[in-house]
Protein chains: 2
Amino acid sequence: MKTYTYNHPHPAVTTDCVIFGFDGEKLKILLIERGVAPYKGCWALPGGFLKMEGENKDRDALDCAKRELQEETGLSNVYIEQLQAFTASNRDPREWVITIAHYALVRISEVKGGDDAARAEWKDLDNLPALAFDHQQIVDFAVKRLREKLRFEPVGFDLLDRKFTMTTLQNLYEAIMGVKYDRRNFSKKMLYLGLVERLDEKVTGAPNKAPYLFRFNKERYEELKIKGVKIDF
Amino acid sequence: MKTYTYNHPHPAVTTDCVIFGFDGEKLKILLIERGVAPYKGCWALPGGFLKMEGENKDRDALDCAKRELQEETGLSNVYIEQLQAFTASNRDPREWVITIAHYALVRISEVKGGDDAARAEWKDLDNLPALAFDHQQIVDFAVKRLREKLRFEPVGFDLLDRKFTMTTLQNLYEAIMGVKYDRRNFSKKMLYLGLVERLDEKVTGAPNKAPYLFRFNKERYEELKIKGVKIDF
DNA sequence: TTCCCTCTGCGTTTTTTTTACGCATAAATC
DNA sequence: GATTTATGCGTAAAAAAAACGCAGAGGGAA
């Protein structure tokens, strides 16, 4: 068996990814049921070791996280960003394993089971099973970061389908921020900022007035981002 | 020579720290002139390898960064936080070296030369020398983070002396955010929020009306932080 | 001393943004 | 056709932000 020798001790390095999705009502994350020790049978974030050699080795941690994400969801062009490293020396019982945590925003509807789909499952964020390692801590951190991000960027771009109702968008905001907004003021602000534009389509089927569909205005969003506007409630 | 052997390749791991200081006018960071290759003679962020063994080995990356900070500034109870990991496989010519970047806020007046002070120097943030490795990128990232932080927390707590004038506080805000505020509105808001309180002391010496001194109200600050108030302009 | 320059402290007014809430209406159910 | 439910559009009050006026202290210069 090939071995690798250094003059100083080196920690192992993995990446993990908190993959957020939204089903129209609740915020969810994609978890994997571990098939091997440690924490066998526990649910865990998708992740794996940094690939430092071989044909398609990783050039950096983001590369590695994207590879894991692709394997698990089949998606390759999604929003993904590094959270931070989790480095406690005892976080893995085997050896000192540093993990570089990331988070991604995906459309649940676009996710197809990955290479080993059988063990991947969307779980409600507000009702997670016990997680392996320090993954609960990572998830908490990711939620905190997502909330901060939402104050400056409409993350709905990446979590919602192209067309959506105003109520769905508001549900998303409320699910992420954990608070309630006034329906009329929410709509007014979204429209006023120009972030969403109304389509001439409506959704029927529900026992109420048929709501319009909306879509994001990417140009307007880029414009606001440069100006540094806060998209805040 | 002792060696360390693994079944998979492991990257080396360091921590680096962007140490911010404020001299009343400009934002500064503490840099070290490198005495050894690579980048010998270049300026670099204080940092070093994760200590994985020995008597006082690090328990995590933060531990390591604090140790470096203490060595360089003599300070041990300062604000320090992880930024994120920088992981490009080619960022160090020697081998794959991941660095976990941190940033710290210190009072320049409290910093005494560290163990190897001769090579440490405060540099104006807006006029940095060429930096080693990807350290310029790390600094840029740290500034970005500091700006975000300032929107929700009065970082002056950690960067200013206990007593300061309103103008000094405003200078700090302007130095960090890179914009100008109206003097009267700035003061009004700070006082209105209750974050600072006026003392009965004034500063004489300058050819103008003697300004009052102020100090932070820590209790009020904690109160606002829990309520999630944005301290924003 | 007196004039002058600078920056401070304490205002006011205007504009913009946020918050609170009223009400008629369309779609489905009974 | 009546009822229920959530939608679309609107207004008024409250709060926050932005713009700006002005007298005054403290030192320097004539």
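None of these values were measured; they are calculated from a predicted model.

Let us now look at the protein's contact with DNA strand C. Within the structure, DNA strand C sits among 23 residues, and Arg184(A), Thr167(B), Arg184(B), Asn208(B) and Tyr212(B) are positioned closest to it. Backbone atoms, meaning sugar plus phosphate, form 51% of the atoms of DNA strand C positioned within 4 Å of the protein. Between DNA strand C and Asp182(A) there is a distance of 3.5 Å, counted from a base nitrogen to a side-chain nitrogen or oxygen. Looking at the surface near DNA strand C, the elements with two or more residues in it are α5 (183-193) of chain A together with α5 (183-193) of chain B. A per-class count over the surface near DNA strand C returns 7 nonpolar, 6 polar and 10 charged.

To continue, consider the environment of Lys66(A). Checked against the element boundaries, Lys66(A) lands in helix α1 (residues 61-73). Along the sequence, Lys66(A) and Gln137(A) sit 71 residues apart, while their C-alpha atoms lie 21 Å from each other.

A separate point is the pairing of strand β7 (residues 97-105) of chain B. On any regular strand, side chains alternate: one points to one face of the sheet, the next to the other face. All names here are of chain B. Burial of β7 is extensive: 9 of the 9 residues sit out of reach of the surface. Burial along β7 is two-sided: the face carrying Val97, Thr99, Ala101, Tyr103 and Leu105 and the face carrying Ile98, Ile100, His102 and Ala104 are both buried. Two strands pair when backbone bridges link them, and strand β2 (residues 12-22) and β7 are joined in this way by 9 bridges, in the parallel orientation. In the sheet register, Asp16 faces β7, and the bridge partner there is Ala101. Here 7 bridges tie strand β6 (residues 79-86) to β7, and the two strands are oriented antiparallel to one another. Bridge pairing links Gln82 to His102 in β7.

Residues and elements named next belong to chain A. Viewed as axis vectors pointing N to C, helix α4 (residues 166-177) and α5 meet at an angle of 100°, and their least axial separation amounts to 10 Å. In this view, α4 runs roughly perpendicular relative to α5, as classed from their interaxial angle. Every residue of α5 that contacts α4 at Met166, Leu169, Gln170 and Tyr173 is listed here: Arg183, Phe186, Ser187, Met190 and Leu191. Its residues placed into classes, the contact of α4 with α5 shows 6 nonpolar, 2 polar and 1 charged.

Residues and elements named next belong to chain B. If you walk through the whole model with that rule in mind, you get 1 cavity of 30 Å³ or more. In this structure, the largest cavity encloses a volume near 40 Å³. As for the largest cavity, its lining consists of Leu150, Arg151, Tyr173, Met177, Tyr181, Ile231, Asp232 and Phe233.

In the vicinity of DNA strand D, 23 residues are found, and the nearest of them are Thr167(A), Asn208(A), Tyr212(A), Arg184(B) and Pro207(B). The protein-proximal atoms of DNA strand D, defined as those within 4 Å of the protein, are 50% sugar or phosphate. One nitrogen or oxygen atom from the side chain of Arg198(A) is found 3.1 Å from a phosphate oxygen belonging to DNA strand D. Within the side chain of Asn208(A), an N or O atom sits 3.1 Å from a sugar or linking oxygen of DNA strand D. Breaking the surface near DNA strand D down by element, the ones donating at least two residues are α5 of chain A together with α5 of chain B. Its residues placed into classes, the surface near DNA strand D shows 7 nonpolar, 6 polar and 10 charged.

Residue and element names in this part refer to chain A. Each assigned domain of chain A is listed here: domain 1 (12-150) and domain 2 (156-227). Of note, the centres of domain 1 and domain 2, computed from C-alpha atoms alone, are 28 Å apart. Between domain 1 and domain 2, the residue contacts involve 15 residues of the former and 14 residues of the latter. One can count 1 salt bridge joining domain 1 with domain 2. In this structure, Arg162 engages Glu110 in a salt bridge whose closest nitrogen and oxygen atoms are separated by 3.7 Å. Those elements that provide at least two residues to the side of domain 1 that touches domain 2 are β2 (12-22) and α2 (135-150). Looking at the side of domain 1 that touches domain 2 residue by residue, the classes come out as 8 nonpolar, 3 polar and 4 charged.

Take the packing of helix α2 (residues 135-150) of chain B against helix α4 (residues 166-177) of chain B next. All names here are of chain B. The N-to-C vectors of α2 and α4 enclose an angle of 135°; their axes lie 9 Å apart at closest approach. The angle between α2 and α4 places the two elements in the oblique class. Contacts between α2 and α4 involve Leu146, Arg147 and Leu150 from the former and Tyr173, Ile176 and Met177 from the latter. Of the residues in the contact of α2 with α4, the class split is 5 nonpolar, no polar and 1 charged.

Rules used throughout
- Residues numbered from 1 in each chain as written.
- Chains lettered and ligands numbered in written order.
- Predicted model: local features only at pLDDT ≥ 70, side-chain atom pairs only at ≥ 80, totals over all residues.
- Heavy atoms only, no water.
- Near = heavy atom within 4 Å.
- Polar contact = N/O pair within 3.5 Å; in protein donor to acceptor, adjacent residues only side chain to side chain.
- Helix = DSSP H or I, 4+ residues; strand = E, 2+ residues; numbered from the N terminus.
- Nonpolar A, V, L, I, M, F, W, Y, C, P; charged D, E, K, R; others polar.
- Buried < 20%, exposed > 50% of the residue type's maximum accessible area, 1.4 Å probe, protein only.
- Pairing = 2+ DSSP bridges.
- Axes fitted to C-alpha atoms, helices over the stretch in contact; angles between N-to-C directions.
- Parallel < 35°, antiparallel > 145°, perpendicular 65-115°, else oblique.
- Contact = heavy atoms within 4.5 Å.
- 1 Å grid on protein atoms, 1.4 Å probe; cavity = no way out; pocket = protein on both sides within 12 Å on 5 of 7 lines; lining within 4 Å.
- Points joined across faces, edges and corners; volume = space filled by probe spheres on them.
- Domains from an automatic or database assignment.
- Salt bridge = Lys/Arg side-chain N within 4 Å of Asp/Glu carboxyl O.

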